[in-house]
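Residue-level structural notes
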Amino acid sequence: MSDIIRRDPRAEWIARNRLHPLHAAMQTQQTSWMGPSGVMRKNPHAVGFIGPNGVKRIDRSGAQQGGGNKRSAAVEVQLPLHQVAAPAFYIAVVPDMVGGRLGSHDRDLLGLARSLAGSDGAVLAVVFGEHKENHFPTAGVDRLLVIDGEQYQGYAPEQMVQGLRAVDNQFSPRHWLLPDSRTGGGEMGRRLAATLGERPATRVWQVKDGQCIGRAGAGQQDIQRSVPRLILAAAECAEPVSETRHEALPVELSTEAVRALSRIGDLGPVAVDPATIAMAEAEFIMSGGNGVKDWALFHQATGVLGATEGASRVAVDDGFMPRNRQVGATGTWVTARVYMAVGISGAIQHLQGIGACDKVVAINMDPGCDMIKRADLSVIGDSAAILKALIEAVENFRSDAQRDAA
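Now for a description of the structure that goes with this document. Please read all numbers here as calculations on a predicted model, not as lab measurements.

Turning our eyes to something else, we now look at empty space enclosed by the protein. In the structure shown here, the tally under the stated rule is one cavity of 30 Å³ or more. Taken together, Val292, Lys293, Asp294, Leu297, Phe298, Ser383, Ala384 and Leu387 make up the lining of the largest cavity. Among the secondary structure elements, those contributing two or more residues to the lining of the largest cavity are helix H6 (295-305) and helix H10 (383-405). A total of three residues in the lining of the largest cavity trace back to one element, the largest contributor, which is H10. Classifying every residue of the lining of the largest cavity by side-chain character gives five nonpolar, one polar and two charged.

This is the structure:
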């Protein structure tokens, strides 16, 4: 497993984009070479670093002059810092935070909040319970409010609404933004609107010039209205923040939220067979393609990982998987948080079907195929050997966890 080649498609895209703030840090310039006369030449443009204000500085200590093909660890470009010392108003955002991290829908929502805040306002992110996210500053968050407590664990929409009411009383946000999603934001936004007496704009996909446009009529019509105080936005409602970093200063509630008498009892999660989950609703999908030679091993790996099975069109046409498991423009468009493609080269129809997936993992023998270029994490090697190693690693992890629990 040590010979596996890993690529970073985002870093490669930044290296090609000369207008990106991190473009200079991604360049591997040659610092010195021998001229035709035998005299050593130095490249003055390859010596130095970009300071926090964007001005290039020269390090005369020589600590940053290393090998020509290695990127110096000291050369680090920081995105411009956007600070709002005294916000004129707040734009409150309540991300879904599925799995304790910001998803693509949440980042789109924060990008929309950033455009509404402008230069005088601040984006206030409200997060319930513990989280695992470390990239709030680069996502556009100026103030971060974490509301923690046992009453917010599990499914507790009534108590969460009480917490949002306390936030509304203290910060008086100009706008409330929530994702119009099935993972909690849609229900939370409508409950909050009923509590605050606001008429929300739902399924909003564009906000511009004081007007917002939302989908209606089963997605066949658009409704335009003035921007309300409460917005339930759809995915891709705005471009996520990518060229600035923000303070993400922690703030706290001055008063504790009123504990509501819950009329809903949370009995905990219910175990569901991944094979019975519809492809369009699955969170973790493992798809097999023409490169899978041992389908029994593929089925075993999906069972061990708890993933929903999918397939490319070639695998379905060859009879290895049923038609309802085909992923792509000619099959099912999926929105999984993790999509693992095993032995799939990446036809354009398949790439269209996984365009909304958060993280794509590719296992393939060909390092130049389109799926490798699309993937966030690529593993180059034989699929059978990689799946066996993956199964062994998962089983060892579970056995160690059971032994520690005992």
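Each pair of aromatic rings is reported with the distance of its centres and the angle of its planes. Counted under the stated rule, the structure contains four aromatic pairs. Taken together, a centroid distance of 5.3 Å and an interplanar angle of 80° make the contact between Tyr90 and Phe171 edge-to-face. Residue Tyr90 is found in strand S6 (residues 90-93), and its partner Phe171 is found in helix H4 (residues 157-171); the two are separated by 81 residues along the sequence. Note on Phe171: relative accessible area 13%, which makes it buried.

A few words now on the packing of H6 against H10. Interhelical geometry of H6 versus H10 gives an angle of 30° and a closest axis separation of 10 Å. Classified by the angle their axes make, H6 and H10 are roughly parallel. The two elements H6 and H10 cross, and the hand of that crossing is left-handed. Contacts between H6 and H10 involve Leu297, Phe298, Gln300, Ala301, Val304 and Leu305 from the first element and Ala384, Leu387, Lys388, Leu390, Ile391, Val394, Glu395 and Arg398 from the second. Partitioning the contact of H6 with H10 into residue classes produces 10 nonpolar, one polar and three charged.

Of note, Met97 is a non-glycine position whose phi angle comes to about 55°, a positive value. Looking at the element boundaries, Met97 is found in the loop between S6 and helix H2 (104-117). For Met97, a relative accessible area of 10% corresponds to the buried category. Phi is positive for Ser172, close to 45°, though the residue is something other than glycine. You can see Ser172 is positioned in the loop between H4 and strand S9 (175-179).

Strand pairs in the sheet, formed through backbone hydrogen bonds, run parallel or antiparallel to each other. Read from one edge of the open sheet, nine strands run S12-S11-S10-S13-S9-S6-S7-S8-S15, paired in mixed fashion. Two strands close off the open sheet at either side, each with one partner strand: strand S12 (221-226) and strand S15 (249-251). Across this sheet, the average inter-strand angle for adjacent strands is 35°, counted without regard to direction. As defined by bridge partners, S6 adjoins S9 across three bridges and the pair is classed as parallel. Bridging from a neighbouring strand, Ile91 pairs with His175 of S9. On the sheet, H2 packs against S6, strand S7 (122-128), S9, strand S10 (201-208) and strand S13 (230-233) and is oriented at approximately 165° with respect to S9. The strands that H4 touches are S6, S7, strand S8 (143-147), S9 and S15; relative to S7, the one it contacts most, it runs at about 155°.

Turning next to the sheet that holds strand S20 (residues 377-380). Pairing in this open sheet of five strands is parallel, and the strands run S17-S16-S18-S19-S20 from one edge to the other. Since the sheet does not close on itself, it has two edges, and those belong to strand S17 (308-311) and S20, each with one partner. Across the sheet, the axes of successive neighbouring strands diverge by a mean angle of 20°, strand direction being ignored. Of the strand pairs in this sheet, strand S19 (residues 359-364) and S20 are connected by four bridges, and their pairing is parallel. Its bridge partner being in S20, Asn364 is matched across the sheet by Ile380. In the packing of H6 onto the sheet, the strands contacted are strand S16 (284-288), S17 and strand S18 (338-342), and the crossing angle to S16 comes to about 175°. Across the sheet, H10 lies against S18, S19 and S20, angled at about 135° from S18, the strand it touches most.

Conventions we followed
Residues numbered from 1 in each chain as written. Predicted model: local features only at pLDDT ≥ 70, side-chain atom pairs only at ≥ 80, totals over all residues. Heavy atoms only, no water. 1 Å grid on protein atoms, 1.4 Å probe; cavity = no way out; pocket = protein on both sides within 12 Å on 5 of 7 lines; lining within 4 Å. Points joined across faces, edges and corners; volume = space filled by probe spheres on them. Helix = DSSP H or I, 4+ residues; strand = E, 2+ residues; numbered from the N terminus. Nonpolar A, V, L, I, M, F, W, Y, C, P; charged D, E, K, R; others polar. Phe/Tyr/Trp six-rings, centres within 6.5 Å; stacked < 30°, edge-to-face > 60°. Buried < 20%, exposed > 50% of the residue type's maximum accessible area, 1.4 Å probe, protein only. Axes fitted to C-alpha atoms, helices over the stretch in contact; angles between N-to-C directions. Parallel < 35°, antiparallel > 145°, perpendicular 65-115°, else oblique. Left-handed = near helix turned anticlockwise from the far one by under 90°. Contact = heavy atoms within 4.5 Å. Pairing = 2+ DSSP bridges.

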